Structure formats: structure tokens, C-alpha cells
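Overview (structure and organization)
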Amino acid sequence: MNHLELDNLQTSLNNALNSLRVAMDESRLPPLSSQYGTDTHPLDSMDQPTPVGVYEARRAALACAVELKNLLQHPFEKAAESAFSMYDYPSVQAFIEHGIVDCMAKEPSGISVKTLQSELDLDSHKLTTVLRHLSVYGWIRETQDGIFALNRSSRILLQGQMGRAVVMAPNYMRIAEALPRWLVHPEFRFSKSPDHTAFQLANNTTKPFFEWVKDDKDYLDRFAAGVEAIGEYVTPGILSDYPWQTCSESTIVDCAGGKGSLSIALANKFPALRLVVQEREEMVGPAEANIKARLDPNLVHGTVVAEANDLFSPQPRTGDKYTFMLRHVLHDWPEAQAVNILERLAAAAGPKSKILIIERISGHYPDTHVEPQHSPVNTTDSTAPASLITEQTILNSSFRMPQALALHLLCILNCHERTLDQWRTIISRAGLVITGVYKLRTYVSIMECRAVHTNES
């Protein structure tokens, strides 16, 4: 009997795991363990990119594991898991918010629910069920009956860690619960307006998201911390897989650059670069403070500066001496506004200026297309055989957060992740053309563009 799909997945998984072992050995990485240890495993770093061979093999293996579950799991079990998945996020949130993870970190070998009850004033019977739920999803282990210990993954939830910031971003559940109502709302169902989203329904407001959050500092701070954490996660791939040295003759303008974290990271790694972080007036102070705190003090004064400028205002920096960069900006805006933002940059750009758009390319990422396409640099891996699962399967199944994030942005801003063709349309409408697409060791890519000037059209 021919078990084609099962056989293909088994072969692909075996190939991926074999390649992973070889690539880890070549990179001199220690063996993986799910146990909580005193040292962070190098592959869990938020500062360094994963070696290319390890990155490709790991994502293929993860995709195979997910597809195997899709193939083997009973459909009713899948439906039941979806029905009760609403408790996944609140369980992790409670794990952090009530100090459980920090308390458990003091006892790496394990701590009893009775001790947790005594130290945190939480009911041990309720805690047991919550912690067992978390153990099913790999956050912790029940080493003995009623005794729980952290796993390697738990470390990302500790105080000061980026995973904690993502989980503690507010109001996810209420917005998600409004999604079914939003899809059939008589006024909102076909609207593309940021005033007509699940967010408005969830919070009983007519204000668009960014106006509403201005009135709630705690909400804004937690939301901003979550956004910054996602930015920090993609930064190593951005720094490593694009030829930033080609920008050394220009000043990089980081448009809507937040507190300047990407610009600071670029300057610290490439001291020859000069960068300007542009943000709204109220964000300039926080950006300047962040630059002062995190920029290498040995760099020349003025390597990174912050200034006020709105995305929809004329761009004051003009000509060939500037490169313009937008990271995680355009996905916040519907098509008309995205075109308007890019038109401002096209008008400011000189013939030699680059416009770098750092965004997720959704849908079927092409293997080849008319513009140059670049794979991650510094690749020395030649051990990984071709996978029998497609690149699209790997993109969708190895890491599901990007699609979940796309849904969240739709619900709060009425904006969309875009395919390459959709990006090309927006870029063309703004008077730009794509000159290169760079795949990175993360879920975003860099679309390198330039302005099409009148004498070229």
C-alpha cells in the first residue's frame, strides 16, 4: 500500500533532523535540551542570527512536525483543541502576572504547588490545573505529582525577557472575541476604515486604535513593549542578511523608527553608518534617551540622532545622500495611506537613493521573480538535501505567529499583510520600483526600491 503523504513527511523530517545535527556540529553548538538550565542555549539568543544551515533545517523540521500532526490527528480532537484554545493565552498571562514563573525560577529542580500557594497566596488546587495545562504546551514539566519545574522555553517569560513583553501586551482576548461580530457587522463588514474594526467593537469606542491608546498610558506602554519585542526578534536577521555596507556613503533615515532600536543596532554593528530616527514629536524624547542608553559610547557623536517628522508630512531629508528605511510601518496602514507614505519618500529620494521596506511578504513567496532575489548571506551549508515539503508549507507551518499577527493587525487597524504582487502594486503607484528582494533569517524580508524619476518613465 502506498502511504505517499506519510512517507514524504517522514522522509522530509528525517532529512531535516539529520541536516540539523550536521549543521549544529559544524557551528559547534551544544546539544538541545528542553530542560531549564543555568545557561541560555545559543539558539535562544535574541542578539545573534541562527547559523544558516541550522535555521533552514530547524524550520523544515518544525514544519514537518506540524504537518504530521495535521495528517494524523483526529478531526474531532482538532476541533476540541480549537474550542478550548482560549485558555492558552490567559494561562501564560497568569503564569507571569501572578509571579509564578519568577518564583519557580528560584527552584530550577522543581517546586510544589503547596509551596507556591504559601509564597504567592494562590489556591494550590486551581494552580495544579493551570500548571498542567501549561505543561501540555511545553512551558513547564511536572517532575512528580504536584511538583513543577521550568523548561528551557520558560526563560523567555522571566522578568526583562522579550517573550514576557509580548505576552503582557494588553486586550488580546477582548479583541479576538469581537472578530465574529465584526465580520458581519452591518456598517463595518465591507469597510476598509481604521475606524471600523473589531477593536472599536471590543472597546465600545469610535476612536481609531492609535487615538484611543493615547488616553491610556499603561496600555500604550505595554503595547509599545510588545511591538519593540517583535522588532528585537527580527533584528539579527535584518543586520546579518542585507549588505548594509552599501549604505555607508549615505545617511539612513529610519522613518517612524520608534525609539530607534533598529538604528542603534545598525550603528553598533556597522560603525561607518550614520542614521536619523524620525518619529512623532512626542516620541523624540524617548528615542533620544534610548540612543543615549544603548548606543556604543565609543562611536562618533551624532552617529544616531532623533528628529520629529510625521509620515504624512513632506520629507525634509532629500537627495542622493539619503537612504530611507521603513520597518514594520506600512503594514499598519491601508493601501491608500501606504501609497501616500511612499510617495513622500519617492519625492525626496535622489536617483541613487534606496528605499528599504522591511515587511513580511505573505502568500506564496516566489522561488524566482523578475527582480534579483537574495538568500541569507554567509551561507556555508551544503548538507541539507532538498525537502519534499514546499517552501510555502515551511513558511506557514514552521512559525505561525506571523499569520496570527496579521490577523491581529487586521482586527485593530483594518490593515493587511501583502503578497509580493500587492507590494509591487503599492510601490509602483507611489512612483517606486523594486530593485531587489532579500530573504532574511526571520519572517520579514527587505524590499529594496528606488524612485522612478520623470526622465525614466
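Residues numbered from 1 in each chain as written. Predicted model: local features only at pLDDT ≥ 70, side-chain atom pairs only at ≥ 80, totals over all residues. Heavy atoms only, no water.

A few points about the overall build of the protein chain
Rule in force here: By the criteria applied, helices consist of DSSP H or I runs no shorter than four residues and strands consist of E runs no shorter than two, each listed in order from the N terminus. Note on method: radius of gyration uses C-alpha positions; expected globular size equals 2.2 Å times residues raised to 0.38. Relative accessibility thresholds used throughout: buried, under 20% of the residue-type maximum; exposed, over 50%; partly exposed, between the two (1.4 Å probe, protein chains only). Surface accessibility follows the Shrake-Rupley procedure with a 1.4 Å probe radius. Residue values consider only the protein chains on display as shielding. This count recognises Lys and Arg as positive and Asp and Glu as negative, with His and chain-terminal groups excluded. To locate a charge, the coordinates of NZ of Lys, CZ of Arg, CG of Asp or CD of Glu are taken.
Looking only at helices and strands, one finds 18 helices and eleven strands in the protein chain. In terms of overall size, the protein chain behaves like a compact globule, its C-alpha atoms giving a radius of gyration of 23 Å where 457 residues would be expected to give roughly 23 Å. For the protein chain, the residues scored as buried account for 46% of the 457 residues in total. Summed over all atoms, the accessible surface of the protein chain reaches about 23200 Å², with 54% contributed by carbon and sulfur. Of the side chains in the protein chain, 42 bear a positive and 53 a negative charge, and the two mean positions are spaced by 1 Å.

Here we look at the side chain of T205
Filter applied, for reference: The term polar contact refers here to a pair of N or O atoms within 3.5 Å; inside protein, the definition further demands a hydrogen-donor-capable atom paired with an acceptor-capable atom, and it admits residues adjacent in sequence only when both atoms are side-chain atoms. By definition in these notes, contact holds between two residues if any of their heavy atoms fall within 4.5 Å.
Relative to the helices and strands, T205 is located in the loop between helix 10 (198–203) and helix 11 (209–213). From its side chain, T205 meets the backbone nitrogen of K207 in a polar contact 3.0 Å long. Leave out the neighbours within four places in its chain, and T205 touches F199, Q200 and W212.

Side note on the pairing of strand 7 (residues 322–327)
Inclusion rule: One bridge is not enough; two strands pair if DSSP finds at least two bridges between them. Place the viewer so that the strands point away; then a crossover is right-handed whenever the path from the first strand over the helix to the second strand goes clockwise.
Here strand 7 lies mainly inside the structure; six of its six residues are buried. The alternating pattern of strand 7 places Y322, F324 and L326 on one face and T323, M325 and R327 on the opposite face, and all of these are buried. Examined bridge by bridge, strand 4 (residues 251–255) and strand 7 share four bridges and lie parallel to one another. From the neighbouring strand, D254 faces strand 7, where its bridge partner is M325. Across four bridges, the pairing between strand 7 and strand 8 (residues 355–359) is parallel. Bridge pairing in strand 8 places F324 opposite I355. Between the parallel pair strand 7 and strand 8, the chain is carried across by helix 15 (residues 335–348), and the sense of this crossover is right-handed.

So, the pattern of salt bridges
The test is simple: Criterion for a salt bridge: a side-chain nitrogen of Lys or Arg within 4 Å of a carboxyl oxygen of Asp or Glu.
In this structure the tally under the stated criterion is 22 salt bridges. Residue R59 is joined to E391 by a salt bridge in which the shortest nitrogen-to-oxygen separation is 3.2 Å. Of this pair, R59 sits in helix 2 (residues 52–72) while E391 sits in helix 16 (residues 391–397), and the two are 332 residues apart along the sequence. A relative accessible area of 23% means that E391 is categorised as partly exposed. Across the pair E211 and K214 runs a salt bridge whose closest N-O atoms are separated by 3.4 Å. Each member of the salt-bridge network shares a partner with another, and the members are E228, E232, K259 and R294.

Let's talk about the pairing of strand 2 (residues 140–144)
Here strand 2 runs beside strand 3 (residues 147–150); their pairing, made up of four bridges, is antiparallel. Following the sheet pairing, E142 is matched in strand 3 by F148. With antiparallel pairing between neighbouring strands as the criterion, strand 2 and strand 3 make up a hairpin whose turn holds two residues, including G146 at a positive phi of roughly 80 degrees.

Description of the nonpolar core
We count it as follows: Residues grouped as a nonpolar core are buried Ala, Val, Leu, Ile, Met, Phe, Trp, Tyr and Cys residues, joined through side-chain atoms within 4.5 Å.
Core analysis: the largest hydrophobic core is formed by 52 residues, its most contacted members being W244, L266 and I446. The residues contacting W244, other than those within four sequence positions of it, are I238, L239, I252, L266, F270, L273, M325, L356 and I446.

Here we look at the sheet that holds strand 2
Strand order in the open sheet formed by three strands is 1-3-2, and the pairing between neighbours is antiparallel. Of all strands in the sheet, those with a lone pairing partner are strand 1 (111–112) and strand 2, marking the two edges. Of the strand pairs in this sheet, strand 1 and strand 3 are connected by two bridges, and their pairing is antiparallel. Counterpart to I111 in the pairing with strand 3 is F148.

Examining the packing of aromatic side chains
To keep things clear, this is the line we draw: Only the six-membered ring of Trp is used, alongside the rings of Phe and Tyr, when aromatic pairs are assigned; centres must lie within 6.5 Å, and planes under 30 degrees apart are stacked while those over 60 apart are edge-to-face, with the rest tilted.
Scanning the model with the defined rule gives 13 aromatic pairs in all. With 5.1 Å between their ring centres and 85 degrees between their planes, F199 and W212 make a pair best called edge-to-face. Taken as a pair, F199 in helix 10 and W212 in helix 11 lie far apart in primary sequence, 13 residues in all. Just as F199 is buried, W212 falls in that class too. Summarising the aromatic geometry, the rings of Y242 and Y438 are spaced 4.8 Å apart at their centres and angled 70 degrees between planes, so their arrangement reads as edge-to-face. Remark: Y438 occurs in strand 10 (residues 432–439) and Y242 occurs in the loop between helix 12 (217–240) and strand 4; sequence separation between them is 196 residues. Note on Y242: relative accessible area 2%, which makes it buried.

Points about a nonpolar patch on the surface
Rules: By definition, no residue in a patch forms a salt bridge, and every one has over 30% relative accessible area; like charges are joined within 9 Å, nonpolar side chains (Val, Leu, Ile, Met, Phe, Trp, Tyr) within 5 Å.
On the surface, L6, L71 and L72 cluster together into a nonpolar patch covering about 250 Å² of accessible area. The residue L6 is located in helix 1 (residues 4–26) in this model. Taking the relative accessible area as the measure of exposure, L6 reaches 32% and is therefore partly exposed.

Re the side chain of Q93
Along the chain, Q93 turns up in helix 4 (residues 88–97). Exposure remark for Q93: the relative accessible area of 17% places this residue in the buried category. Other than its neighbours up to four places away in sequence, Q93 contacts V167, M168 and R222.

Observations regarding the packing of helix 9 (residues 172–183) against helix 17 (residues 401–413)
Stated precisely, the cut-off is as follows: Inter-axis angles, ranging from 0 to 180 degrees, are taken between N-to-C directions of lines fitted to C-alpha atoms, where helices are fitted over the stretch in contact. Roughly parallel means an angle under 35 degrees; roughly antiparallel means over 145; roughly perpendicular covers 65 to 115; every other angle is labelled oblique. Each residue is assigned to one of three groups, with Ala, Val, Leu, Ile, Met, Phe, Trp, Tyr, Cys and Pro labelled nonpolar, Asp, Glu, Lys and Arg labelled charged, and all others, Gly among them, labelled polar.
As a packed pair, helix 9 and helix 17 sit with axes 10 Å apart at the nearest point and diverge in direction by 75 degrees. With respect to helix 17, the axis of helix 9 lies roughly perpendicular. Residues Y172, I175, L179 and W182 of helix 9 form the contact with helix 17, whose own contacting residues are L407, H408, L410, C411 and I412. Residues of the contact of helix 9 with helix 17, tallied by class, amount to eight nonpolar, one polar and no charged.

As for unusual backbone geometry
Trans is the common state for peptide bonds, and a negative phi is the common state for residues other than glycine. Even without glycine at this site, D121 takes up a positive phi of about 60 degrees. Tracing the backbone shows D121 in the loop between helix 6 (113–120) and helix 7 (124–136). Given a relative accessible area of 70%, D121 falls into the exposed group. Even without being a glycine, N414 presents a positive backbone phi close to 60 degrees. Tracing the chain through its elements places N414 in the loop between helix 17 and helix 18 (420–429).

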